[in-house]
Amino acid sequence: MFEKIKNWIKNNKGFSVIILLALVLVIILVIIFISLLKSNSSNKYGNRLDGIKDVEIAKEVYDGVKDEVMATEVVEEVTTRLQGKIVYTTITLKSDTSVDKAKEIASNTLDNYSEEELAYYDFSFFLKWTTDEGDKVITGNKHNNMDSITWIKS
């Protein structure tokens, strides 16, 4: 049987090389596919949260943000939550609050966080209130590499 295979390979050298290359390519693709499946961890953040334990934000900081924002007297409600490495702050304002005042309130919350926290975490702000024209929502984000908030809609 091996003699027949050897003769067939001798008679079909070009086709044999193509089959051999295709077989090698299939083996390489299978190895790559298996390695991709194995490297997929159960952590949905991958390694993006490495070092987060070193820069944890204390509950007192969140409480300080809430107290400061509520003290402005134009705020009805404020919530903060951490998801991954993004700190979400939602501020519900009274209807007569100006857009500039709302942005100023949100920007001032950053003073409560340390330099290390500002350099590690991203911050996302949702400013919302009901006016005569309807519900108004302004969103802003501060990436950890940036110094100020970028406002999306105003």
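Quick summary incoming for the structure in this document. Every chain's residues receive numbers from 1 upward, in the order its sequence appears when written. Owing to the predicted nature of the model, reporting of local features is limited to residues with pLDDT of at least 70; listing and counting of side-chain atom pairs is limited to 80 or more, with chain, interface and lining totals taken over all residues. The basis for the side-chain values is all heavy atoms of the structure; hydrogens and waters are excluded.

1. Some words on a nonpolar patch on the surface
Together, M1, F2, I5, W8, I9, F15 and I19 make up an exposed nonpolar region whose accessible area comes to about 800 Å². In DSSP terms, a helix is any run of H or I states spanning at least four residues, a strand is any run of E spanning at least two, and both are numbered starting from the N terminus. Secondary structure elements with two or more residues in the nonpolar patch: α1 (2-11) and α2 (13-39). Tallying contributions element by element places α1 first for the nonpolar patch, with four residues. When accessible area is computed with a 1.4 Å probe and restricted to protein chains, residues below 20% of their type maximum are described as buried, those above 50% as exposed, and intermediate ones as partly exposed. Classification of I5 as partly exposed rests on a relative accessible area of 40%. For patches, a residue must show more than 30% relative accessible area and have no salt bridge; joins then use 9 Å for like charges and 5 Å for nonpolar side chains, namely Val, Leu, Ile, Met, Phe, Trp and Tyr. Working definition of accessibility: Shrake-Rupley area with a 1.4 Å probe, residue cover restricted to the visible protein chains. Throughout this description, the term salt bridge denotes a Lys or Arg side-chain nitrogen within 4 Å of a carboxyl oxygen of Asp or Glu.

2. Here we look at the nonpolar core
Buried Ala, Val, Leu, Ile, Met, Phe, Trp, Tyr and Cys residues form a nonpolar core when they are joined through side-chain atoms within 4.5 Å. With 28 residues, the main nonpolar core has I91, L93, Y113, Y121, F123 and L127 as its most contacted residues. Of all elements in the fold, only α3 (59-70), β1 (75-83), β2 (86-93), α4 (99-109), α5 (115-120) and β3 (122-131) reach the threshold of two or more residues within this core.

3. Concerning the sheet that holds β2
If DSSP finds at least two bridges between two strands, the strands pair. The strand order β1-β2-β3-β4-β5 describes an open sheet built from five strands, whose pairing is mixed. Strand pairing shows two members of the sheet lacking a second neighbour, β1 and β5 (150-151), which therefore form its edges. Pairing geometry for β1 and β2, over eight bridges, is antiparallel. Across the sheet, residue T80 finds its bridge partner in β2, namely T89. Only heavy atoms matter for contacts: two residues are in contact if any of them lie within 4.5 Å across the pair. A fitted line through C-alpha atoms serves as each axis, taken over the contacting stretch for helices, and the angle formed by two N-to-C directions is quoted from 0 to 180°. Sheet strands in contact with α3 are β1 and β2, and its direction is about 160° off that of β1. Running at roughly 150° to β3, α4 makes contact with β1, β2, β3, β4 (134-142) and β5 of the sheet.

4. Quick look at the pairing of β2
Buried residues dominate β2, accounting for six of its eight residues. In terms of strand pairing, β2 meets β3 through seven bridges, oriented parallel. Along β3, the bridge assignment pairs T92 with K128.

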